[in-house]
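# Analysis of the macromolecular model
Here is what each chain is made of, one letter per residue.
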Amino acid sequence: MTPRPRPPKGPRTVDADVAVIGLGAMGSMTAWHLARAGASVLGFEQFGLAHDRGASAGESRLFRMAYHEGAAYVPLLRHARELWGELGAASGLPLFHPTGCLSLGLPELPPMRNVRRSVEEHGLDHEILDQDHLAARYPQHLARPGEIGVLDVRGGVLRPELAVLAACAQARLAGARLLDHTRVESVRPEDDRVRITAGGTEYTAGAVVVTAGPWSGRLVPALAGHLTVRPLVLTWFAPRADAAAYAPERFPAFIRDTDGVHLFGVPMMDGMSVKTGFADVWGDLPGPDAFTRDIDEARLRPLGEAVGRYLPGLHPYPVRHAVYHEGYTADRTAVIDRVPGQDRVVVLAGFSGHGFKMAPAFGRIAAELALERGTSFDIAPMRISRLAETAP
Ligand SMILES: Cc1cc2nc3c(=O)[nH]c(=O)nc-3n(C[C@H](O)[C@H](O)[C@H](O)COP(=O)(O)OP(=O)(O)OC[C@H]3O[C@@H](n4cnc5c(N)ncnc54)[C@H](O)[C@@H]3O)c2cc1C
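This one's a predicted model, so the numbers in the text were calculated from it and none came from an experiment. (Residues numbered from 1 in each chain as written. Predicted model: local features only at pLDDT ≥ 70, side-chain atom pairs only at ≥ 80, totals over all residues. Heavy atoms only, no water.)

### What about the environment of Ser216?
Stated formally: Secondary structure is summarised from DSSP: a helix means a run of H or I of at least four residues, a strand means a run of E of at least two, and numbering begins at the N terminus for each. The cut-offs for exposure are 20% and 50% of the maximum accessible area for each residue type, with area from a 1.4 Å probe on protein chains only; residues under the lower value are buried, those over the upper are exposed, and the others partly exposed. By the convention used here, residues are in contact when the closest approach between their heavy atoms is within 4.5 Å.
Here Ser216 shows up in helix H6 (residues 216-219). On the basis of relative accessible area, Ser216 is assigned to the buried category, the value being 0%. Along the primary structure Ser216 and Ala80 are separated by 136 residues, whereas in three dimensions their C-alpha atoms are 23 Å apart. Beyond its immediate chain neighbours, meaning those up to four positions away, Ser216 contacts Val210, Thr211, Leu223, Leu227, Leu348 and Ala349.

Here is the structure:
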């Protein structure tokens, strides 16, 4: 994005060129891009920065380019990886750990077919390991007959809380005004501005980017009914012995689909445990504020059993767990668009459990949509109008 000159001096008609509502992964990255493009930015976060009640926390996130969800994401992923490097360098924080990412599963299953397509069509650095090679190289994973591994050499592990804080800090350095513990109550677009009420005060901006995660439907009526709120539970398991086998140098991040179990994880980043997550087992919540940290012991037990089956070197009892929230769309594709009929409102929501790795690229697209009313990235699959067609 070419840096945009600040608006001409003179009596200000709005408080900021762009307001960003919600400073999780998407909002913090959007604020960073807007501010470094020269726009005046006002950001709002209802809780503290890098809090643990949304989707952008939990110590680690997988970064992978050999993409289960489809090879079409690879150009965005490539760009995101460059931007992670830039943000890491600018902040001096270890945001990205280049551990590689190993996909495991039967080669004929759709996720593994997408992985193969991603690496082959886009020339990504990779290695393909058959079951014997997998067993020799990564004995930590118990591969099933016929399963293969695809090592995405440029994959790795991201640090979500550090990343949100880094993007906010860089945005502030470039002049952004970011308000924490300030909940936006309403967004009212007018012909020449948008009015925002937050914490009892009214603000105005030339444009608004709504990055409010599962809460976005409250501010953008066009999304209401299209975002399902899901808890995602992360679990940490300790090694039985040979802890060094799970260190980042020997144990890449991984994602696995076996016997209907969708399991992902990262190496030992805390010196004592391997983090794993299980998708699609937690059900839906009635709304974004229905937050719970209590997970019935009985619901954790099958996860321990699965870990015992697929990662037998780990104790099958989680040493801890944590719950986070994410907004899902019916087709598991995000919404990134200007709101139809409300040209000054851009929305990014519904990242469906796989948005973090692309957050810096999505933030850039949001900044382009807000400042230039267009983007060179292909966001057609993420248009808001499709929601009506894919509604459950
Ligand atoms: C447990 C878990 C594991 C995941 N693993 C991966 C992974 O390995 N790799 C990957 O790429 N992706 C992963 N994801 C997905 C990824 O983390 C999310 O897609 C991403 O973090 C979504 O960011 P967000 O900014 O949209 O949402 P959030 O982080 O929830 O941010 C929304 C923010 O808006 C604020 N807000 C809401 N309403 C208001 C209001 N009215 N006023 C002010 N502020 C408001 C909220 O407080 C919140 O901070 C995972 C998600 C979860 C939950």
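### Let's talk about the side chain of Thr235
Along the chain, Thr235 turns up in strand E13 (residues 228-237). The buried category is assigned to Thr235, whose relative accessible area is 0%. With residues near it in sequence (within four places) discarded, Thr235 still touches Val274, Lys275, Thr276, Phe278, Leu300, Leu303, Pro318, Arg320 and His321.

### Here's the deal with the side chain of Arg256
Rule in force here: By the criterion applied in these results, polar contacts are pairs of N or O atoms within 3.5 Å in which, for protein atoms, one can donate a hydrogen and the other can accept it, and in which residues neighboring in sequence qualify only through two side-chain atoms.
With respect to the helices, strands and loops of the structure, Arg256 is situated in strand E14 (residues 253-258). One polar contact links the side chain of Arg256 to the main-chain carbonyl oxygen of Leu142, over a distance of 2.8 Å. At 2.8 Å, the side chain of Arg256 and the side chain of Thr258 are in polar contact. Other than its neighbours up to four places away in sequence, Arg256 contacts Leu104, His141, Leu142, Ala143, Arg144, Glu147, Val261, His262, Leu263 and Tyr310.

### Considerations on the packing of helix H2 (residues 74-91) against helix H8 (residues 359-372)
The condition is simple: The convention used is that axes are lines fitted to C-alpha atoms, helices contributing only their stretch in contact, and that angles between N-to-C directions extend from 0 to 180 degrees. Geometric relationships in this document are graded by angle, where less than 35 degrees denotes roughly parallel, more than 145 denotes roughly antiparallel, 65 to 115 denotes roughly perpendicular, and other angles denote oblique. Under the convention adopted here, Pro, Cys and the residues Ala, Val, Leu, Ile, Met, Phe, Trp and Tyr are nonpolar, Asp, Glu, Lys and Arg are charged, and Gly plus all remaining residues are polar.
Where H2 meets H8, the closest approach of the two axes is 7 Å, and the angle between their N-to-C directions is 100°. When the axis of H2 is compared with that of H8, the two are roughly perpendicular. When H2 is examined against H8, the residues Leu76, His79, Ala80, Leu83 and Trp84 are found in contact with a partner set consisting of Pro360, Ala361, Phe362, Arg364 and Ile365. The residue inventory of the contact of H2 with H8, partitioned by class, reads 8 nonpolar, 1 polar and 1 charged.

### Observations regarding the nonpolar core
Counted only if it meets this: The nonpolar core is taken to be a set of buried Ala, Val, Leu, Ile, Met, Phe, Trp, Tyr and Cys residues, with the residues joined through side-chain atoms within 4.5 Å.
Leu34, Trp84, Ile336, Leu348 and Phe362 are the most contacted members of the largest nonpolar core, which totals 63 residues. Top contributing element to this core by residue count: H8, with 9 residues. If we ignore the near neighbours within four places in the chain, the residues touching Trp84 are Met29, Phe63, Leu95, Leu158, Ala163, Phe356, Lys357 and Pro360.

### Re the site of the ligand
Worth spelling out the cut-off: Working definition: residue near molecule or strand if any one of its non-hydrogen atoms lies within 4 Å of it. Surface accessibility follows the Shrake-Rupley procedure with a 1.4 Å probe radius. Residue values consider only the protein chains on display as shielding.
Near the ligand, the surroundings consist of 34 residues, among which Glu45, His51, Ser56, Glu326 and Lys357 are the closest. Starting from 1,000 Å² of accessible surface for the ligand in isolation, the protein chains cover 97%. Counting only elements with at least two residues in the shell around the ligand, the list comes to helix H1 (25-36), strand E3 (61-63), E13 and strand E17 (320-328). Classifying every residue of the shell around the ligand by side-chain character gives 17 nonpolar, 12 polar and 5 charged.

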